[in-house]
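Given next are the chains, with one letter for each unit.
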Amino acid sequence: MPSSLYSSPLKSLTPELSTQLRERNERFLFEIISTNWKCQLCQTADELSIFRNAVEILHDDEQGFLQNFRKLVPLTVYDTYQPFVARFFSEPCQESEVIDLFAPGFPAFLAVSSGTSGKAPKYFAKYRGITYGAPDTQSQSVWTYRLTCRVLNVFRGDQDIMRKIPMSGVVGGLVRLLKGWDVEHDEDRMSSKFPGETAPYAVGMVTNTPSHLLLHALFALADRSVETLRVMFCTTLLDMIMYIDRDWFSLVDAIDTGTIPELEDIEHRHLHADPVRAAELRAIGPPSNTAGWAKSVWPNLKIAPSTASGAFSSAVPKVKHLLGPDVMLETPVFASSECFIGVAYHTGDLNRFRVVLEDGFVEYLDVVSEDVAGKLCAAWEAEPGRHYELVLTTCHGLWRYRSGDVVELLGFAPDDGSPVVRFVGRRNGEIRLDTVLVTEAQLVESICSATQDTIGQVTEFTCFKDVRKLPHTIGFFVELAQEPAMLGITSRQLAKQRLADALSSTQQRIASEIDCGALGMPTIRVVKSGTFTEYRKWRGELGEAATIGSCQMKIPVVMSDTIAQEWIMKRVELEI
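Here the structure is a predicted model, which means the values were calculated and not measured. (Residues numbered from 1 in each chain as written. Predicted model: local features only at pLDDT ≥ 70, side-chain atom pairs only at ≥ 80, totals over all residues. Heavy atoms only, no water.)

Engineer: Quick question: what am I supposed to make of helix 19 (residues 562-569) here?
Structural biologist: Along an α-helix, residues three or four apart share an orientation, since each turn contains 3.6 residues. Considered for burial, the residues of helix 19 that qualify are Ala-564, Gln-565, Trp-567 and Ile-568. Mapping the buried residues of helix 19 onto a view down its axis gives an arc of 160°, with all of them on the same face. (Buried < 20%, exposed > 50% of the residue type's maximum accessible area, 1.4 Å probe, protein only. Helix = DSSP H or I, 4+ residues; strand = E, 2+ residues; numbered from the N terminus. Arc of directions from axis to C-beta.)

What follows is the structure, given as C-alpha cells:
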C-alpha cells in the first residue's frame with residue numbers, strides 16, 4: 001500500500017498537488033459529460049435544457065464543456081430521474097424507450113436503494129461494475145451477499161424479448177457482474193459452491209432475512225478454515241452472531257448430523273456430518289458475551305470487512321468484543337446505491353476514506369450555504385474542517401445529484417491530493433436499519449397520525465433503534481397528555497398496528513420488511529409525565545444550553561447520543 005495510507009492528511013494542498021488534483025478531476029468529469037450528454041435524459045430533461053443547448057456546438061471542446069457544466073447544470077434530486085426510471089416498468093418495456101437512457105446502451109442492472117429516504121423505493125441504473133473491493137478467492141470467506149432479483153424484460157416490438165435486466169440490491173448486482181453470473185442460468189448454479197466461499201450459491205437466493213443469516217451462520221460454523229467475515233453492515237454482522245447465539249444448539253446439532261434445518265430448500269450434500277467439528281464447537285460454546293469468541297471458533301480469522309461508520313457504528317463495540325483483538329474490523333469502502341465514493345484511508349480507522357475517481361465526479365456543497373449549484377466547491381477548492389453534502393455526477397447518468405450524505409473534509413492525501421473525508425450522517429436526521437432508512441419527517445408524520453385515537457395525544461417524543469431483540473425495529477418514546485394507566489388493552493394493541501401502518505404509508509418497503517422478518521413491529525414506550533422537561537434541564541446542566549437556554553433546547557426526533565438514550569430509558573413507566 002502507498003505510504004500515504006498511514007500518513008495524516010494534509011491540511012492544505014501544495015500548488016503541485018492542487019494542479020494534479022484539478023487535472024485528474026476535470027479529465028474524469030469531461031469523460032463522463034462527453035459520454036452521457038447525448039443520452040435520452042440529458043437530451044430531454046427540463047433541468048438540463050439550458051446546458052444541452054449551450055454545448056450543442058462544442059464538439060470536443062473540453063474546457064467549454066466544463067465551464068458550461070459549472071455554470072448551467074443545476075442541483076438535481078431523485079424527482080428529476082424518476083419519470084425516466086419509470087420507463088423500465090412500463091408494460092411492455094420497449095427498447096427505444098430505455099436504450100441510451102442515462103448512459104450509452106442498456107444498464108447491466110437496476111439497483112434498488114437499500115435505505116430509501118422517499119415514500120417509494122429508488123432505482124438507479126448501473127451500466128458497469130467497479131474495480132475496487134473484489135474479494136480474495138484464495139482465502140475462505142463468509143460473504144453474505146443477496147442475489148435475489150426481479151427480471152425486467154425489454155421488448156423490440158410486440159413479441160421479441162431482446163434484453164433481460166435484473167433489478168436487485170447494489171451489492172448483489174455488482175457481485176453478478178464481478179462473477180459473470182447472468183440471471184438466465186441461476187437454476188444451473190443452485191447446487192454449486194464456489195471457491196473461497198463457505199455457503200453454496202442457493203443461500204444467496206434466500207429471501208427471508210433470518211433464514212438467510214442462519215444458513216450463512218451454519219455453513220460458516222461448519223468451516224474451521226474461515227479467514228474473512230464479509231458482511232455488508234456491522235449491525236447485520238451483530239445480528240448474525242445474535243442468531244447464532246439464539247439457535248446455537250440446533251446449528252451445532254445440524255453440523256453433527258449433516259442435516260440442514262428446514263429453513264429453505266438447500267441441498268444437503270453441501271453439509272457433511274462432522275461430529276469432530278461439532279464437538280469442538282460444543283466445547284467453545286455459544287457467543288453470548290464472550291470476548292474473542294469468533295477467534296476461538298475460526299482460528300484463522302483475520303479480518304471482518306463491514307460498514308461500521310455512520311448509523312452502523314452503534315454495533316462496533318459489541319462486534320469488536322466478540323471478534324477479539326486479533327481480528328481486524330474494517331470499513332473497506334464508502335459507497336451508496338447511487339455511487340462508489342471512496343476507499344478506506346487507514347485500515348485502523350472505521351470512518352476515514354480517500355475519495356476516488358471510479359464511479360463518479362464529486363462536488364462539495366457546504367451545509368451552511370444556500371442549496372444552489374453556485375455554492376458548490378470542487379475537490380481542490382474545499383476547506384478541511386468544514387462539513388459538506390456530497391453532490392454526484394456519475395458514469396451512470398446522474399447530474400449534480402444531491403446525495404444527502406454529509407462528510408467532514410479531513411484534508412488531502414499526501415501522495416496525490418485526493419480528498420480524505422469522514423462520514424458525518426445524512427443531511428436530515430434519520431433512523432437507519434439494514435434495509436430501511438426512515439427520515440425525521442416520516443417519523444413525525446407516523447407517530448402523530450397513529451396515536452391520537454389509540455393511546456391519545458403525544459405531547460413530545462423521541463425515537464431510536466430498538467435492538468433489544470431480533471429482528472430490530474424503531475423504538476418510540478412518548479410523553480402523553482393523559483395518564484397511561486387510563487389506556488385500555490385494546491387501545492394499546494391497536495396503537496402498535498396503527499403505527500406500523502402509518503410508517504408503511506410513508507415508505508412502501510417497511511411493510512414488506514416486517515412481513516419477511518427483516519424488521520420488527522415498532523415499539524412504543526411511555527415515559528413519565530414531565531420527562532422531556534427534565535431532559536432539557538438535564539442537558540442544560542451539562543452546559544449545552546449556555547447560549548440558547550434550556551427552554552429553547554429541542555428534543556431530537558432521532559436520539560443518537562447513547563448517554564441520552566440511557567437517560568430516557570430509565571424513565572419508561574409503560575410499554576405499549
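Engineer: Sorry, what's going on with the sheet that holds strand 10 (residues 333-335) here?
Structural biologist: Strand pairing in a sheet is mediated by backbone hydrogen bonds. Such pairs are either parallel or antiparallel. Strand order in the open sheet made by the eight strands is 10-11-12-17-16-15-13-14, with antiparallel pairing throughout. Only two strands of the sheet have a single neighbouring strand rather than two, namely strand 10 and strand 14 (376-377). In the sheet, strand 10 pairs with strand 11 (residues 340-344) via three bridges, with the strands oriented antiparallel. Residue pairing for strand 11: Ala-335 is matched across the bridge by Phe-340. (Pairing = 2+ DSSP bridges.)

Engineer: Before we go on, may I ask you to explain the packing of aromatic side chains in this structure?
Structural biologist: Two descriptors summarise a pair of aromatic rings, namely the distance from one centre to the other and the angle between the planes of the rings. Per the stated rule, a full pass over the model turns up 26 aromatic pairs. Arg-230 extends its terminal NZ or CZ atom over the ring of Trp-143, reaching a point 5.7 Å from the ring centre. Lying across the ring of Trp-567, Arg-571 places its NZ or CZ 3.6 Å from the centre. (Phe/Tyr/Trp six-rings, centres within 6.5 Å; stacked < 30°, edge-to-face > 60°. Lys NZ or Arg CZ within 6 Å of the ring centre and 35° of its normal.)

Engineer: What's the story with the packing of helix 9 (residues 209-222) against helix 10 (residues 234-246) in this structure? I'm lost.
Structural biologist: The description of two helices packed together rests on the angle between their axes and the distance between the axes. It is the contact of helix 9 with helix 10, at a shortest axis distance of 9 Å, that shows an interaxial angle of 75°. Viewed along their axes, helix 9 and helix 10 adopt a mutual orientation that is roughly perpendicular. Touching Pro-210, Leu-213, Leu-214, His-216, Ala-217 and Leu-221 of helix 9 are Thr-236, Asp-239, Met-240, Tyr-243, Ile-244 and Arg-246, all from helix 10. (Axes fitted to C-alpha atoms, helices over the stretch in contact; angles between N-to-C directions. Parallel < 35°, antiparallel > 145°, perpendicular 65-115°, else oblique. Contact = heavy atoms within 4.5 Å.)

Engineer: Where do I start with the pattern of salt bridges in this structure?
Structural biologist: Should the charged atoms of two oppositely charged side chains come close, the side chains can pair. Counting across every chain of the model gives 27 salt bridges. Close ionic contact of Glu-95 with Arg-156 constitutes a salt bridge, the shortest N to O distance being 2.7 Å. Placement of Glu-95 in helix 6 (residues 95-98) and of Arg-156 in strand 5 (residues 150-156) is noted, with a sequence separation of 61 residues between them. A relative accessible area of 16% places Glu-95 in the buried class. Classification of Arg-156 as partly exposed rests on a relative accessible area of 47%. A salt bridge links Glu-363 to Arg-400; its shortest N-O distance comes to 2.8 Å. (Salt bridge = Lys/Arg side-chain N within 4 Å of Asp/Glu carboxyl O.)

Everything listed here is a matter of coordinates, which is why it stays silent on function.
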